[in-house]
Amino acid sequence: MSKVAKIAAEPYAFEFAPHQCALLIIDMQRDFLEPGGFGEMLGNDVSQLRRTIEPNKRLLAAWRAAGLLAMHTREGHRPDLADLPPAKKARGRSATTIGDAGPMGRILVRGEPGHDIIAELYPEPSEPVIDKPGKGAFHATDLHAILQHRGVKQLVVTGVTTEVCVNTTVREANDRGYECLVLEDCVGSYFPEFHAMGLKMIKAQGGIFGWVSNSEPLIEALAALGESGSSKPHTKGA
Ligand code: TIU
């Protein structure tokens, strides 16, 4: 059984079981984060998301060094758009929508430059990437099956945006029996007030959907794992 480390969190300490825990980085895609991408084209302030890049980089480095399972998601659709609900395509009444030519290729279409993950957090070949057509990472994906195969019971959830894809995924995970820890400095929203409320909703009512902390105590716990020699890779070369 995995050693359990207590991570300071709200509404109370999160009992971290490293070898039953996966890091799930949500939708750190160029079109959402990069200046000149789809997000900015819609008038959003991408700096609100870009502040999460450095903390995620530090966490991912520590996570990889501990040999634990890291996974990434990307929101997007098949090039033929067969998995794009017409209601999603129409939403927003924008002149340019999903599937149309955008600043970094076709918007939210798999294989296009803007759909891919930013260079700073690019997945390693051993790290599963979940391509999801919805906001939640469990909807119409093999995420749950992969987690079950690896014996995962807990998720550390980071990425963007706090109130949309992060919140939806945490709610889906909670209903499937996973314990979720969301890291405040590693999640972001174009709207600071939604970010704040999105985190409050997770930890309210005794942690109705999960726990909220930040990357620092988790990185410290990961470093301590390495020092105690208790960390053994369960993904690398598996
Ligand atoms: N990844 C994700 O959150 N997708 C979105 O569309 N987010 C918005 O906040 N729009």
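Our subject in this report is the structure included herewith.

### Here we look at the nonpolar core
Phe 16, Leu 59, Trp 63, Val 156, Leu 218 and Leu 222 are the most contacted members of the largest nonpolar core, which has 39 residues in total. Elements with a minimum of two residues in this core: β2 (14–16), β3 (21–26), α1 (30–33), α4 (53–65), β8 (154–160), β9 (179–188) and α9 (215–228). Residue contributions to this core peak at 5 residues, all from α4. Judged by nonpolar contacts, the second largest core, of 26 residues, contains Tyr 178, Val 182, Leu 199 and Ile 202.

### Things to note about the side chain of Arg 74
Mapped onto the fold, Arg 74 is located in strand β4 (residues 69–75). Not counting residues within four places of it along the chain, the set of residues in contact with Arg 74 comprises Asp 27, Gln 29, His 115, Asp 116, Ile 117, Val 129, Ile 130, Asp 131 and Lys 132.

### Considering the environment of Arg 78
Among the structural elements, Arg 78 can be located in the loop between β4 and α5 (86–90). Overall, the relative accessible area of 40% leaves Arg 78 in the partly exposed class. Distance from Arg 78 to Met 197, taken between C-alpha atoms, is 32 Å for residues 119 residues apart in sequence. Not counting the four nearest positions on each side in its chain, Arg 78 is found in contact with Asp 83, Val 109 and Arg 110. Within the local environment of Arg 78, its side chain forms a polar contact with the side chain of Asp 80, the two groups lying 2.6 Å apart.

### Some remarks on the packing of helix α7 (residues 162–175) against helix α8 (residues 192–207)
One way to put it is that α7 packs onto α8 with a least axis distance of 9 Å and a crossing angle of 15 degrees. Classified by the angle between their axes, α7 and α8 sit roughly parallel to one another. When you trace α7 past α8, the crossing you get is right-handed. Side by side, α7 and α8 meet where Thr 162, Glu 163, Asn 167, Val 170 and Arg 171 of the first sit next to Phe 194, His 195, Gly 198, Leu 199, Met 201 and Ile 202 of the second.

### Focus: α7
Across its 14 residues, α7 extends 18 Å between first and last C-alpha, which sits within 8% of the 20 Å expected from 1.5 Å per residue. Inspection of α7 places Thr 162, Cys 165, Val 166, Asn 167, Thr 169, Val 170, Glu 172 and Ala 173 among the buried residues, and these make up the whole buried set. Considering only its buried residues, α7 is in contact with β3, β4, β7 (129–132), β8, β9 and α8. Taken from the residues just after α7, Gly 177 is the one with a positive phi, measuring 95 degrees.

### Overview of the packing of aromatic side chains
Following the criterion strictly, the structure yields 5 aromatic pairs and no others. Arranged with centres 5.6 Å apart and planes meeting at 85 degrees, the rings of Tyr 12 and Trp 211 form a pair that is edge-to-face. With Tyr 12 in the loop between β1 (5–7) and β2 and Trp 211 in strand β10 (residues 211–213), the pair connects residues that are 199 residues apart, well separated along the chain. Aromatic pair Phe 14 and Trp 211: ring centres 5.2 Å apart, planes at 70 degrees, arrangement edge-to-face. Note that Phe 14 is positioned in strand β2 and Trp 211 in strand β10, a separation of 197 residues in sequence. Across the pair, Trp 211 and Phe 14 agree in class, each one buried.

### Here we look at the environment of Phe 16
Among the structural elements, Phe 16 can be located in strand β2. Once the C-alpha coordinates of Phe 16 and Ala 5 are considered, the two residues, 11 residues apart in sequence, prove to be 5.0 Å apart.

### Focus on the sheet that holds β9
Overall, parallel pairing links the 6 strands, which are arranged β7-β4-β3-β8-β9-β10 in an open sheet. Edge strands, defined here as strands with exactly one partner in the open sheet, are β7 and β10. Going across the sheet, the axis of each strand differs from the next one's by a mean of 25 degrees, ignoring polarity. In terms of strand pairing, β9 meets β10 through 3 bridges, oriented parallel. Across the sheet, residue Leu 181 finds its bridge partner in β10, namely Trp 211. Of the strands in this sheet, β9 and β10 are in contact with α8, which crosses β9 at around 165 degrees.

Rules used throughout
- Residues numbered from 1 in each chain as written.
- Predicted model: local features only at pLDDT ≥ 70, side-chain atom pairs only at ≥ 80, totals over all residues.
- Heavy atoms only, no water.
- Core = buried A, V, L, I, M, F, W, Y, C linked by side-chain atoms within 4.5 Å.
- Buried < 20%, exposed > 50% of the residue type's maximum accessible area, 1.4 Å probe, protein only.
- Helix = DSSP H or I, 4+ residues; strand = E, 2+ residues; numbered from the N terminus.
- Contact = heavy atoms within 4.5 Å.
- Polar contact = N/O pair within 3.5 Å; in protein donor to acceptor, adjacent residues only side chain to side chain.
- Axes fitted to C-alpha atoms, helices over the stretch in contact; angles between N-to-C directions.
- Parallel < 35°, antiparallel > 145°, perpendicular 65-115°, else oblique.
- Left-handed = near helix turned anticlockwise from the far one by under 90°.
- Expected span 1.5 Å × (residues − 1).
- Phe/Tyr/Trp six-rings, centres within 6.5 Å; stacked < 30°, edge-to-face > 60°.
- Pairing = 2+ DSSP bridges.

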